[in-house]
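Here is how the chains run, residue by residue.
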Amino acid sequence: MRAELTLYGYWRSSAAYRVRIALNLKGLAYEQVPVHLLKDGGQQHSDAYLQLNPQGLVPLLVDEGNGGVRIAQSLAILEYLDERFAGPPLLPEDSVRRAQVRALALHIACDLHPITNLRVLQYLADELNLSEPVRTDWYLHWLHRGLAAVEDGLAVFKDELSLGEQPGYLEACLIPQLYNARRYHVDLNAYPRLLAVANRCEPLDAFRQAAPEVQPDAP
C-alpha cells in the first residue's frame, strides 16, 4: 500500500535529514522522491519542482491523507508531524523546556545552517570568486560560533536529552549539523555535550535509517 506521506529531499541535505529523523521517531511510513541539488543545474530549480514548492528548496512534505497538503521548511514539517500524528512526541510538554528546545533548534536551523549551506557556498564560489580555502574558513568560522552556542545551551538539560531519555525535535536538528561538520573534518572534541548527544542518538534505528549514506538516492 502506498504511503500517505511523501518526502521530497536530497540524501545529503541536512534539512531533509532532520525530517527523516522525525518521521522515524514518530514511526511514520513515507515515500521519498529525490531532488538532486547538483544535477541539471539543481533539480530544485526545475519548473516541475517549483510548481510543487515555489521556494525551490528541500525538503517538502506532501500529506495525501490530509488532502494532499504541502508543507515546506523542515521545522514547520516537524511541528506538523507532531501535531497531526500520534506516537512518540517530538517536543516536551513543559512550556519552559519546549521553549528551550525550540530556541536551540531555531539557532541551528535559522542562524547556523543557512549561512553554511550549499547555495551560500556556491554563491561565494561562483559569484564572489572566493577560493576554496577562503570558503572553508568562512564555513568553519560560522560553524564553530554556532556549535559553541549550542554547546552552552545544552547545559540546561544537564545529562538528559531534550525529552529526558528520548530524543526529539532538538536532536533531529542537531545530528545533521554534526554530520555536516564531520564532512569538513571538524574536530568536535571541544563540544563534549554535543558529542554526548551524538553518542546516544546515532546508534538508534531512527537516526541510522535516516543517515545520508543509506538513502535511496545516495551515490
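Treat the numbers as computed from the prediction; the structure is a model and nothing was measured.

(A) Expanded view of unusual backbone geometry. Of note, the amide linkage connecting Val58 to Pro59 takes the cis form, showing an omega dihedral of 10°. Counting through the fold element by element, Pro59 comes out in the loop between α2 (47–52) and β3 (60–63). Positive phi, normally seen in glycine, also occurs at Gln73, with a value near 70°. Considering the arrangement of structural elements, one finds Gln73 in the loop between β4 (69–72) and α3 (74–84).

(B) Region of the structure containing the UniProt feature "domain: GST C-terminal" (unreviewed entry) in the chain. Residues annotated by UniProt as "domain: GST C-terminal" (unreviewed entry) correspond here to residues 94–219. Each end of residues 94–219 is marked by a C-alpha atom, and these two atoms are 42 Å apart; helix forms 62% of the span and strand 0%.

(C) Seen up close, the nonpolar core. If you look at the biggest cluster of nonpolar residues, it comprises 66 residues, and the most contacted ones within it are Leu78, Leu81, Leu147 and Leu154. For this core, the element with the most residues is helix α7 (residues 169–183), which contributes 9 residues. Once residues lying within four places of it in the same chain are set aside, the contact partners of Leu81 are Leu5, Ala22, Leu23, Lys26, Leu28 and Leu61.

(D) Representation of empty space enclosed by the protein. Summed over all chains, the structure comprises 1 cavity of 30 Å³ or more. Approximately 30 Å³ is the volume found for the largest cavity. Surrounding the largest cavity, Leu7, Gly9, Tyr10, Trp11, Gln32, Val33, Pro34, Pro216 and Asp217 form its lining. Every element with two or more residues in the lining of the largest cavity is listed here: β1 (5–9) and β2 (30–34). The element best represented in the lining of the largest cavity is β2, accounting for 3 residues.

(E) Representation of the packing of helix α1 (residues 14–26) against α7 in the model. Put simply, α1 and α7 touch, their axes get as near as 8 Å, and they point 140° apart. Comparing the axis directions of α1 and α7 gives the class oblique. Note that α1 runs across α7; the crossing there is right-handed. Of α7, the residues touching α1 (which contributes Ser14, Tyr17, Arg18 and Ile21) are Ala172, Cys173, Ile175, Pro176, Gln177, Tyr179 and Asn180. Here the contact of α1 with α7 is built from residues that sort into 7 nonpolar, 3 polar and 1 charged.

(F) Structural view of the layout of surface pockets. Within this model, the largest pocket holds a volume of roughly 980 Å³. If you trace the largest pocket, you find 37 residues lining it, with Leu37, His113, Asn117, Leu118 and Arg119 closest to the centre. Secondary structure elements with two or more residues in the lining of the largest pocket: α1, α3, α4 (95–112), α5 (118–126), α6 (132–153) and α7. A class-by-class count of the residues in the lining of the largest pocket yields 16 nonpolar, 15 polar and 6 charged. In this structure, the second largest pocket spans a volume of roughly 150 Å³. Taken together, 13 residues line the second largest pocket, and the ones lying closest to its centre are Lys158, Glu160, Arg193, Ala196 and Val197.

(G) Molecular detail of the sheet that holds β1. Taking strand neighbours across the sheet as the criterion, the 4 strands line up as β2-β1-β3-β4 in an open arrangement whose pairing is mixed. Single-partner strands in this sheet number two, and they are β2 and β4. In this sheet, adjacent strand axes meet at a mean angle of 20° when their direction is disregarded. As paired elements, β1 and β3 share 4 bridges and run antiparallel to each other. Bridge assignment links Leu5 to a residue of β3, and that residue is Asp63. Here α1 sits on the sheet and contacts β1 and β2; the angle it forms with β1, its principal contact strand, is near 155°.

Thresholds applied
Residue positions are given per chain, counted from 1 along the sequence in the order it is written. Whole-chain, interface and lining totals are the exception, using all residues; otherwise, since this is a predicted model, local features are given only for residues with pLDDT of at least 70 and side-chain atom pairs are given and counted only at 80 or more. In computing side-chain properties, one takes all heavy atoms of the structure into account and sets aside hydrogens as well as water. Helix and strand labels come from DSSP, where a helix needs a run of H or I of at least four residues and a strand needs a run of E of at least two; each type is numbered from the N terminus. UniProt positions are given in the numbering used here, feature names are shortened, and annotations may be inferred rather than shown by experiment. Take the buried residues of types Ala, Val, Leu, Ile, Met, Phe, Trp, Tyr and Cys, join any two whose side-chain atoms come within 4.5 Å, and each joined set is a nonpolar core. Between buried and exposed lies partly exposed: a residue is buried under 20% and exposed over 50% of the maximum accessible area for its type, with that area taken using a 1.4 Å probe on protein chains only. Any two residues whose heavy atoms approach within 4.5 Å at even a single point are treated as in contact. Points on a 1 Å grid, built from protein atoms alone, make a cavity when a 1.4 Å probe fits but cannot get out and make a pocket when they are open with protein on both sides within 12 Å along at least 5 of 7 lines; residues with an atom within 4 Å of a point are the lining residues. Grid points are joined across faces, edges and corners, and a volume is the space filled by probe spheres set on the points. The axes are straight lines fitted to the C-alpha atoms, using for helices just the contacting stretch, and the angles between their N-to-C directions are given from 0 to 180°. Roughly parallel means an angle under 35 degrees; roughly antiparallel, over 145; roughly perpendicular, 65 to 115; everything else is oblique. Crossings are classed by handedness, with left-handed meaning an anticlockwise turn of the near helix from the far one by less than a right angle and right-handed meaning a clockwise turn. For this classification, the nonpolar set comprises Ala, Val, Leu, Ile, Met, Phe, Trp, Tyr, Cys and Pro, the charged set comprises Asp, Glu, Lys and Arg, and every other residue, Gly included, is treated as polar. Strands are treated as partners if at least two bridges between them are detected by DSSP.

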